[in-house]
Every structure is written in C-alpha cells, then in structure tokens.
Amino acid sequence: MGTLSVNQNKLQKRLRRLAGEAITDFNMIEDGDKVMVCLSGGKDSYTMLDVLLHLQKVAPIKFEIVAVNMDQKQPGFPEHVLPAYLKELGVEYHIVEKDTYSVVKELVPEGKTTCSLCSRLRRGTLYTFADEIGATKMALGHHRDDIVETFFLNMFFNGSLKGMPPKLRADDGRNVVIRPLAYCSEKDIQAYSDMREFPIIPCNLCGSQENLQRQVVKDMLVEWERKHPGRTESIFRALQNVAPSQLADRNLFDFTSLKIDENATPRFLDVLNI
C-alpha cells in the first residue's frame with residue numbers, strides 16, 4: 001500500500017483508535033497473552049489482523065499473535081490464498097482442516113439455512129484448537145453492526161435481550177473470546193478492506209443464501225440508518241447502558257421485595273407551613 005490520502009489516513013487511524021479503546025475498556029489483551037486470530041478470509045477478519053499487528057507494535061504490553069484459518073472443505077475453496085498472504089506478512093499461522101461442509105450438507109435439508117450449524121461446528125473446532133496451542137485469547141472479527149444485528153435477532157426470534165459481548169468466556173471456561181472490532185462500523189471496515197485490497201475469499205456455503213433472517217435485520221438497520229443517521233451507534237450505546245430496574249427480568253432485579261422507603265424525603269412540601 002502506497003502513501004495514504006488524508007481520508008484514508010483518517011480511516012486507518014479511526015479503526016486503530018476504536019479497536020484500541022475496545023481492547024482497553026474490556027481488558028481484552030493482557031501482557032503475555034497468546035492471541036489466536038481467527039481468519040475466515042473475509043473483510044472483517046483481515047481488518048482485525050491488520051489492526052492487531054499494528055497495536056502489537058505500539059502497545060505498552062507484549063503479546064503473541066497466531067493466525068488460524070479453518071478449511072471446511074467447501075468446494076472450490078482457494079487453499080493457497082491465506083497461506084500466501086500470511087507468509088508475506090511473516091505471521092505465524094495454522095490451517096485447521098475439518099470437513100464440516102459434508103456434515104452441514106448431510107444434516108440440513110435442501111433450501112434451509114446452514115449458518116447456525118456451520119457456525120457451531122466451526123466454533124467448536126476452533127475452541128479445541130485454541131486449547132491445543134495454548135492460546136489465552138481467541139479473537140473474532142465481529143464488529144458493532146454484527147453485535148446490534150444479533151441483539152435484534154435474539155429479541156425478534158428467541159425472546160431474549162442479548163447480543164455478542166465484546167469479551168466472553170466460553171461455557172467450558174477454557175476459552176476467552178474477544179472482539180477487538182466491537183466499536184468499529186461495518187461501513188468503515190468495508191472501506192478499509194477495499195483500500196487495502198485484501199484477498200477476499202467468499203463463503204460459497206452460506207454467504208450466498210437468500211432470505212437469511214440476519215440479512216433481513218441488516219436491511220432493516222441499514223434503512224433506519226439511512227433515514228436517521230447515527231441510530232445504529234445509539235442502539236449500541238444502549239447495550240452499554242442497561243437499567244435492570246426498568247426492564248422485567250426478575251433474575252436481574254428484585255421486584256418482589258420492592259417497597260416504599262419510609263425514610264425517603266417527601267416529594268411535596270407543605271407550602272402553607274413555609
């Protein structure tokens with residue numbers, strides 16, 4: 001990449017700054033960590049690796065980066081692309097081969113979406129591999145828009161208020177997942193990916209499926225953002241500003257014991273006695 005224009009330089013600095021803020025706010029990376037950066041070959045994971053490599057150089061702490069790609073044996077998958085790119089960068093990497101493609105095609109009826117099962121199989125394999133190589137953190141490329149979309153998907157279809165936390169401990173307790181791009185917008189990431197000309201590898205298994213619920217939610221948010229710029233950012237801020245007493249989850253707030261406070265200051269003064 002040659003000399004950056006003013007706008008390109010601002011874009012790069014903004015992504016690095018926002019990723020740095022997210023890492024600091026959630027204590028994602030600590031001194032001595034071995035961070036397994038999960039690369040799919042998409043714009044998000046390429047951008048995440050690029051940003052983390054920069055932060056590794058300038059951060060006041062020392063941490064390792066290991067890039068890992070999972071070859072799911074999808075037909076036509078260009079196996080040479082990521083190894084060639086990572087060798088050029090001089091980054092330590094591993095290619096994990098696991099034929100989840102055949103499993104998904106066998107278990108999911110034709111015409112049904114494969115993303116959920118594919119994601120679970122991929123995540124389980126990567127969790128296991130992270131444990132094998134002694135990775136203390138597992139970095140995923142989800143960004144702010146992904147987090148907001150997941151929040152609405154859970155609310156609309158699962159009846160729960162939850163999204164993708166910037167930092168998560170796996171159920172088995174052996175893996176800590178981090179999302180360094182949690183504060184970054186997809187628009188910025190797309191622009192940065194185009195600018196850097198990353199060698200994008202499209203997903204031929206699930207990326208081309210139509211009418212995915214996530215795409216429906218994404219379209220809804222894009223339309224909201226078009227009509228009301230800044231709405232997605234406002235929704236994300238709301239996820240950081242939760243008031244349990246203003247919701248209805250009895251496990252988060254003790255509504256049962258809620259009574260008036262006999263010692264509270266009266267709301268109204270007796271003006272006749274002033």
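These numbers were taken from a predicted model, which means no experiment stands behind them.

Asker: Can you walk me through the packing of aromatic side chains in this structure?
Answerer: Working definition: an aromatic ring pair is given by the centre-to-centre distance plus the angle between the planes. Per the stated rule, a full pass over the model turns up 11 aromatic pairs. Where tyrosine 46 meets phenylalanine 198, the ring centres are 5.2 Å apart and the plane angle is 15°; that geometry is what we call stacked. Taken together, the residues tyrosine 46 in helix H2 (residues 43–58) and phenylalanine 198 in the loop between helix H7 (186–196) and helix H8 (213–227) connect sequence positions 152 residues apart. For phenylalanine 198, a relative accessible area of 7% corresponds to the buried category. Put simply, the rings of Phe151, Phe152, Phe156, Phe157 and Trp224 pair up and form one aromatic cluster. Stacked on the ring of tryptophan 224, the Lys or Arg arginine 231 has its end atom at 5.2 Å from the ring centre.

Asker: Would you take a moment to explain the layout of surface pockets for this structure?
Answerer: Rolled over the atoms, a probe with the dimensions of a water molecule shows which regions are left empty. The computed volume of the second largest pocket comes to approximately 590 Å³. Along the walls of the second largest pocket sit 22 residues, with Phe151, Leu161, Lys162, Leu239 and Val242 positioned nearest its centre. Listing elements by their share of the lining of the second largest pocket, those giving two or more residues are helix H6 (144–158) and helix H9 (231–239). The biggest single contributor to the lining of the second largest pocket is H9, with 4 residues. Looking at the lining of the second largest pocket, its residues break down into 17 nonpolar, 3 polar and 2 charged.

Asker: Quick question: what am I supposed to make of the confidence of the model for the protein chain here?
Answerer: Predicted coordinates in areas of low pLDDT are best not read in detail. In the predicted model, the protein chain carries a mean pLDDT of 88, and 85% of its residues have values of at least 70. With pLDDT under 50 throughout, residues 207–211 is counted as low confidence; its partners more than four residues away or in other chains account for 5 contacts.

Asker: Would you take a moment to explain the nonpolar core for this structure?
Answerer: Among the nonpolar cores identified, the biggest contains 48 residues, and Ile29, Val37, Leu52 and Ile65 are the most heavily contacted of them. Among the elements that line this core, the one with the most residues is H2, at 7 residues. Excluding anything up to four places from it in sequence, leucine 52 contacts Ile23, Ile29, Val37, Phe63, Ile65, Ala139 and Pro180. Formed by 16 residues, the second largest nonpolar core is a distinct cluster that contains Met36, Phe129, Leu140 and Ala170.

Asker: Is there a simple way to explain helix H1 (residues 6–25) in this structure?
Answerer: For an α-helix, 3.6 residues make a turn, and residues three or four places apart therefore share a direction. For H1, with 20 residues, the first-to-last C-alpha span of 28 Å sits near the 28 Å given by 1.5 Å per residue. Within H1, the full set of buried residues consists of Leu11, Gln12, Leu15, Leu18, Ala19, Ala22 and Ile23. Across the axial projection of H1, the buried residues extend over an arc of 135°, all falling on one side. What points out from H1, more than 90 degrees from its buried face, is the exposed set Val6, Lys10, Lys13, Thr24 and Asp25. Taken together, the buried residues of H1 touch H2 and H7. Two residues or fewer past H1, asparagine 27 is found with a positive phi of approximately 50°.

Asker: What's the story with a nonpolar patch on the surface in this structure? I'm lost.
Answerer: A cluster of nonpolar side chains, contributed by Met155, Phe156, Phe157, Leu161, Val242 and Leu247, occupies part of the molecular surface with about 560 Å² of accessible area. Tracing the backbone through its elements, the reader meets phenylalanine 157 in helix H6. You can call phenylalanine 157 partly exposed: its relative accessible area is 45%.

Asker: Got a minute to help me understand the packing of H6 against H8 in this structure?
Answerer: Geometry of a packed helix pair, given as the angle between the helix axes and the separation of the axes. Relative to each other, H6 and H8 sit at 115°, their axes nearing to 9 Å. Note on packing geometry: the crossing formed by H6 with H8 is right-handed. Of H8, the residues touching H6 (which contributes Asp146, Val148, Glu149, Thr150, Phe152, Leu153, Phe156 and Phe157) are Gln213, Arg214, Val217, Lys218, Met220, Leu221 and Trp224. Grouping the constituent residues of the contact of H6 with H8 by class yields 9 nonpolar, 2 polar and 4 charged.

Asker: In this structure, what is going on with the sheet that holds strand E3 (residues 93–97)? I would like to understand it.
Answerer: To summarise the sheet geometry, strands pair through backbone hydrogen bonds and adopt either a parallel or an antiparallel arrangement. What the 6 strands build is an open sheet, ordered E3-E2-E1-E4-E6-E5; its pairing is mixed. Either end of the sheet is taken by a strand with one partner, and the two such strands are E3 and strand E5 (167–169). Strand after strand, the sheet turns through a mean of 25° between neighbouring axes, direction not considered. Pairing between strand E1 (residues 34–39) and strand E4 (residues 137–139): 3 bridges, direction parallel. Of the residues in E4, the one forming a bridge with valine 35 is lysine 137. Of the strands in this sheet, E1, strand E2 (64–71) and E4 touch H2, which is tilted by about 155° from E1. This element, helix H3 (residues 81–89), spans E1, E2 and E3 of the sheet and lies at about 165° to E3.

Rules used throughout
Residues numbered from 1 in each chain as written. Predicted model: local features only at pLDDT ≥ 70, side-chain atom pairs only at ≥ 80, totals over all residues. Heavy atoms only, no water. Phe/Tyr/Trp six-rings, centres within 6.5 Å; stacked < 30°, edge-to-face > 60°. Helix = DSSP H or I, 4+ residues; strand = E, 2+ residues; numbered from the N terminus. Buried < 20%, exposed > 50% of the residue type's maximum accessible area, 1.4 Å probe, protein only. Lys NZ or Arg CZ within 6 Å of the ring centre and 35° of its normal. 1 Å grid on protein atoms, 1.4 Å probe; cavity = no way out; pocket = protein on both sides within 12 Å on 5 of 7 lines; lining within 4 Å. Points joined across faces, edges and corners; volume = space filled by probe spheres on them. Nonpolar A, V, L, I, M, F, W, Y, C, P; charged D, E, K, R; others polar. pLDDT = per-residue confidence, 0-100. Contact = heavy atoms within 4.5 Å. Core = buried A, V, L, I, M, F, W, Y, C linked by side-chain atoms within 4.5 Å. Expected span 1.5 Å × (residues − 1). Arc of directions from axis to C-beta. Patch = residues over 30% accessible without salt bridge, like charges linked within 9 Å, V, L, I, M, F, W, Y side chains within 5 Å. Areas by Shrake-Rupley, 256 points an atom, 1.4 Å probe, with all protein chains shown as cover. Salt bridge = Lys/Arg side-chain N within 4 Å of Asp/Glu carboxyl O. Axes fitted to C-alpha atoms, helices over the stretch in contact; angles between N-to-C directions. Left-handed = near helix turned anticlockwise from the far one by under 90°. Pairing = 2+ DSSP bridges.

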